Amino acid sequence: MNNQGELITKERIGFEKINIALGILYQDWYKIISKNLSEVEGINIELGCGASFIDQTNKNIKKTDVFLNSNTDFKLDAMEIGTKFKHQISNIILVNVFHHISNPELFLRSAEKSLLSEGRIIMIEPSNNIWSRLVYKLVGHEKFDTKQINWAFESKDPLLDSNQALSWIIFNRDYEKFKNLFPMFSLIKIKSFMPISYLISGGHSYNTKIGRIIIKFVRKIERILFDKYFGIFNLICIEKK
């Protein structure tokens, strides 16, 4: 592990205990993911888990990362999943990880090899709408470039280098290209959510110390009124035929 990666990982461990509101929102994410898991019998893997506590919601999910730490079940590079787990995976889970993958076509090829028939890739990724674009361009610390021509981008550090618009580019703007390259994949769901609650929690950058009652109330209201059109995140589900 390099020093920078070790520092970032240590800072993120146990965030749900420090930022209570953010922890509640992550629990919401994990429940959404669990409801969309393929029921095909196989291995469930979260890639790039960082400080994830998804195993508290679903104990059948193995947590992996490119850096081995006390929060990972084992070390795994996303590009190697097809080689190491050929036709063994029922679900691949990525929470704000896909936009850090510098060669997404290569990853999707590897994921396709690893998945069982009816297995799924389930992601939570930045969305692209009038509100989310404003948020990511004004207060985001990562690039949000909808004009990136090629899917791949140069990356020197997988933890820091990214394009938050990558999932939109591949699964919306270049959807026909995606279908042609991956005829075995079916995009079964894209659902927008959380336009406000993540922001008022402070995310990973700042702890606003918003309490449980307030964050749950805001989440309830936005789920009813604003999620569909103004969410700053998308749930993306892809199934192998």
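Cut-offs applied
- Residues numbered from 1 in each chain as written.
- Predicted model: local features only at pLDDT ≥ 70, side-chain atom pairs only at ≥ 80, totals over all residues.
- Heavy atoms only, no water.
- Phe/Tyr/Trp six-rings, centres within 6.5 Å; stacked < 30°, edge-to-face > 60°.
- Helix = DSSP H or I, 4+ residues; strand = E, 2+ residues; numbered from the N terminus.
- Buried < 20%, exposed > 50% of the residue type's maximum accessible area, 1.4 Å probe, protein only.
- Lys NZ or Arg CZ within 6 Å of the ring centre and 35° of its normal.
- pLDDT = per-residue confidence, 0-100.
- Contact = heavy atoms within 4.5 Å.
- Pairing = 2+ DSSP bridges.
- 1 Å grid on protein atoms, 1.4 Å probe; cavity = no way out; pocket = protein on both sides within 12 Å on 5 of 7 lines; lining within 4 Å.
- Points joined across faces, edges and corners; volume = space filled by probe spheres on them.
- Expected span 1.5 Å × (residues − 1).
- Arc of directions from axis to C-beta.
- Axes fitted to C-alpha atoms, helices over the stretch in contact; angles between N-to-C directions.
- Parallel < 35°, antiparallel > 145°, perpendicular 65-115°, else oblique.
- Left-handed = near helix turned anticlockwise from the far one by under 90°.
- Nonpolar A, V, L, I, M, F, W, Y, C, P; charged D, E, K, R; others polar.
- Salt bridge = Lys/Arg side-chain N within 4 Å of Asp/Glu carboxyl O.

Another aspect to go through is the packing of aromatic side chains. The final tally for this structure, using the stated rule, is 17 aromatic pairs. With centroids separated by 6.5 Å and ring planes inclined at 40°, the aromatic side chains of F193 and F233 adopt a geometry described as tilted. You can see F193 sitting in strand β6 (residues 185-193) and its partner F233 sitting in strand β7 (residues 233-240), a full 40 residues away along the chain. Here the two residues F193 and F233 agree in accessibility, since each one is buried. Among the aromatic residues, those joined into a ring-pair cluster are Y26, W29, Y30, F53, F193, Y198 and F233. Lying across the ring of F182, R109 places its NZ or CZ 4.4 Å from the centre. K177 extends its terminal NZ or CZ atom over the ring of W151, reaching a point 4.4 Å from the ring centre.

The share of residues in the chain with pLDDT of 70 or more is 95%, and the mean pLDDT across the chain is 93. Here residues 1-13 is a poorly scored stretch, pLDDT under 50, and it has 19 contacts once near neighbours within four places are set aside; other chains count.

What follows is about the pairing of strand β2 (residues 61-65). Most of β2 is tucked away, with four of its five residues classed as buried. One ladder, built from three bridges, connects strand β1 (residues 43-47) with β2; its direction is parallel. Opposite E46, over in β2, you have K63 as the bridge partner.

Approximately 450 Å³ is the volume attributed to the second largest pocket. Considering the residues around the second largest pocket, the lining is formed by 20 residues, among which D28, I32, R219, R223 and D227 are closest to the centre. Looking at the lining of the second largest pocket, the elements with two or more residues in it are α3 (20-35), β6, α10 (212-225) and α11 (227-230). Residue contributions to the lining of the second largest pocket peak at seven residues, all from α3.

Further remarks concern α10. Residue pairs spaced three or four apart in an α-helix point in one direction, given the helix's 3.6 residues per turn. Between its first and last C-alpha atoms α10 spans 20 Å; for 14 residues at 1.5 Å apiece the expected length is 20 Å, and the two agree. Among the residues of α10, I215, V218, R219 and E222 are the ones counted as buried. An end-on view of α10 places all buried positions within 100° of arc, on one side of the element. Opposite the buried face of α10, by more than 90 degrees, sit the exposed residues I213, F217, K220, I224 and L225. Check the buried side of α10 and you find it contacts α3, β6, α9 (197-201) and α11.

For N91, the position within the fold is in strand β4 (residues 89-95). With 24 residues separating them along the chain, N91 and L115 place their C-alpha atoms 7.3 Å apart. The contact partners of N91, leaving out residues within four places of it in the chain, are L37, S38, I43, N44, I45, L115, R120 and I122.

All right, on to the sheet that holds strand β5 (residues 115-126) then. With mixed pairing, seven strands are arranged side by side in an open sheet as β3-β2-β1-β4-β5-β7-β6. For this open sheet the edge positions go to β3 (74-75) and β6, each flanked by a neighbour on one side alone. Inspection of the sheet shows β1 paired to β4 by five bridges, in the parallel sense. Bridged to I45 within β4 is I92. The sheet contacts of α3 involve β4, β5, β6 and β7, and relative to β4 the element is tilted by about 155°.

Turning to the packing of α3 against α10, a few remarks are in order. In the contact formed by α3 and α10, the axes pass within 9 Å of each other and the chain directions differ by 40°. One element, α3, and the other, α10, form an angle in the oblique class. Taken as a pair, α3 and α10 cross one another with a handedness that is right-handed. Contacts between α3 and α10 involve I20, A21, I24, L25 and D28 from the former and R212, I215, K216, R219 and R223 from the latter. The residue makeup of the contact of α3 with α10, split by class, is five nonpolar, no polar and five charged.

Inspection of the entire model under this criterion finds ten salt bridges. With its nearest N and O atoms 3.2 Å apart, the salt bridge here joins R223 to D28. Of this pair, R223 sits in helix α10 while D28 sits in helix α3, and the two are 195 residues apart along the sequence. For D28, a relative accessible area of 15% translates into the label buried.

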